[in-house]
Amino acid sequence: MPSLLKPDYPRIPAHVGIIMDGNGRWARRKNQTRTQGHLEGLNTAKRIVKTASDMGISFLTLYVFSTENWKRTAEEVGFIMGLVKRYLAAEMDFYRKNRIRIRHTGAAEGLPPEIAREIQAACEETKVFEGLQVILALNYGGRDEIVRAVRRILGTPEATETAGFSSRISEELIRQNLDNPDVPDPDLIIRTGGEYRISNFLLWEGAYAEYYFSDRLWPDWTEEDFAAAIRNFAERDRRFGDVKK
Ligand code: FPP
């Protein structure tokens with residue numbers, strides 16, 4: 001029997017990215033602090049990870065902290081970093097039970113060393129799990145990731161030793177040097193919170209993603225909202241620049 005978690009749609013996305021927006025506005029509407037909003041946002045993230053895992057989605061990238069988010073107050077930045085740590089510690093049993101693999105995208109060297117260590121440990125411990133892969137975009141910017149890829153390419157001996165190396169620069173070579181080259185491009189990118197922009201999220205990878213915008217603030221997002229986005233995706237006609245046969 002089809003259900004919310006086992007829909008009989010013709011296809012479900014293999015990789016979903018989410019821009020989890022609206023924590024601050026949610027808090028303001030409730031006369032609470034912004035940190036309360038992020039705390040509630042963390043609970044939503046837990047709910048949606050479980051839903052994605054139950055639905056059989058293979059990859060879920062969550063935009064937790066962007067390269068631009070450092071502009072926020074030290075208190076807010078510190079709180080979000082603390083939430084990441086708390087999330088990893090609190091959910092480890094859940095990952096083990098559900099065989100969920102944790103990964104990171106973004107600049108690890110710019111993170112507080114303790115957080116970088118915790119993420120590294122969670123990635124290491126879960127790397128053999130074959131269920132859902134949750135990719136935490138933390139200290140992440142799409143442009144920054146492309147710069148990192150170019151630097152990786154130019155840092156190889158071939159780049160310095162091969163005459164005419166520039167002719168070898170290709171889309172495929174850049175792709176292979178992104179943070180997680182084995183992860184397929186996102187099929188669906190969701191943004192909550194009523195803004196219609198990409199905010200430097202998965203710029204390279206999202207070239208052919210389907211986009212889904214929801215006015216609902218992230219802390220209010222439910223399993224049903226996620227299922228509605230997946231259903232909407234199933235109804236889209238993806239042509240990748242081709243024409244309909
Ligand atoms: C955007 O809302 C949200 C963030 C910048 C932080 C996202 C963090 C979480 C949801 C918690 C951590 C999650 C995990 C998985 C560790 P905003 O603050 O920009 O909201 P606003 O636009 O309403 O001000």
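Reference entry: report on the structure contained in this document. Being a predicted model, the structure only gives us computed values, none of them experimental.

### Looking at the site of the ligand
Piece 1. Inspection of the region around the ligand gives 18 residues, with Asp21, Gly24, Arg25, Arg34 and Arg72 positioned closest.
Piece 2. In the environment of the ligand, an oxygen atom lies 3.2 Å from a nitrogen or oxygen atom belonging to the backbone of asparagine 23.
Piece 3. Here the ligand has 620 Å² of accessible area as a free molecule, and 92% of this is covered by the chains.
Piece 4. Sorting the residues of the shell around the ligand by element identifies α1 (23-29), α2 (34-55) and α3 (74-98) as the ones contributing at least two each.

### Side note on the pairing of strand β6 (residues 210-213)
Piece 1. Judged by which residues are buried, β6 turns out to be one-sided: Glu210 and Tyr212 face inward and are buried, whereas Tyr211 and Phe213, on the alternate face, are not.
Piece 2. Alignment of strand β5 (residues 188-191) against β6, held across four bridges, turns out to be parallel. Residue pairing for β6: isoleucine 190 is matched across the bridge by tyrosine 212.

### Brief notes about a nonpolar patch on the surface
Piece 1. Taken together, Val150, Leu154 and Ile169 make up a surface patch of nonpolar side chains, about 240 Å² in accessible area.
Piece 2. With respect to the element layout, valine 150 can be found in helix α5 (residues 142-154).
Piece 3. According to the relative accessible area criterion, valine 150 is partly exposed, its value standing at 36%.

Parameters and conventions
Residues numbered from 1 in each chain as written. Predicted model: local features only at pLDDT ≥ 70, side-chain atom pairs only at ≥ 80, totals over all residues. Heavy atoms only, no water. Near = heavy atom within 4 Å. Polar contact = N/O pair within 3.5 Å; in protein donor to acceptor, adjacent residues only side chain to side chain. Areas by Shrake-Rupley, 256 points an atom, 1.4 Å probe, with all protein chains shown as cover. Helix = DSSP H or I, 4+ residues; strand = E, 2+ residues; numbered from the N terminus. Buried < 20%, exposed > 50% of the residue type's maximum accessible area, 1.4 Å probe, protein only. Pairing = 2+ DSSP bridges. Patch = residues over 30% accessible without salt bridge, like charges linked within 9 Å, V, L, I, M, F, W, Y side chains within 5 Å. Salt bridge = Lys/Arg side-chain N within 4 Å of Asp/Glu carboxyl O.

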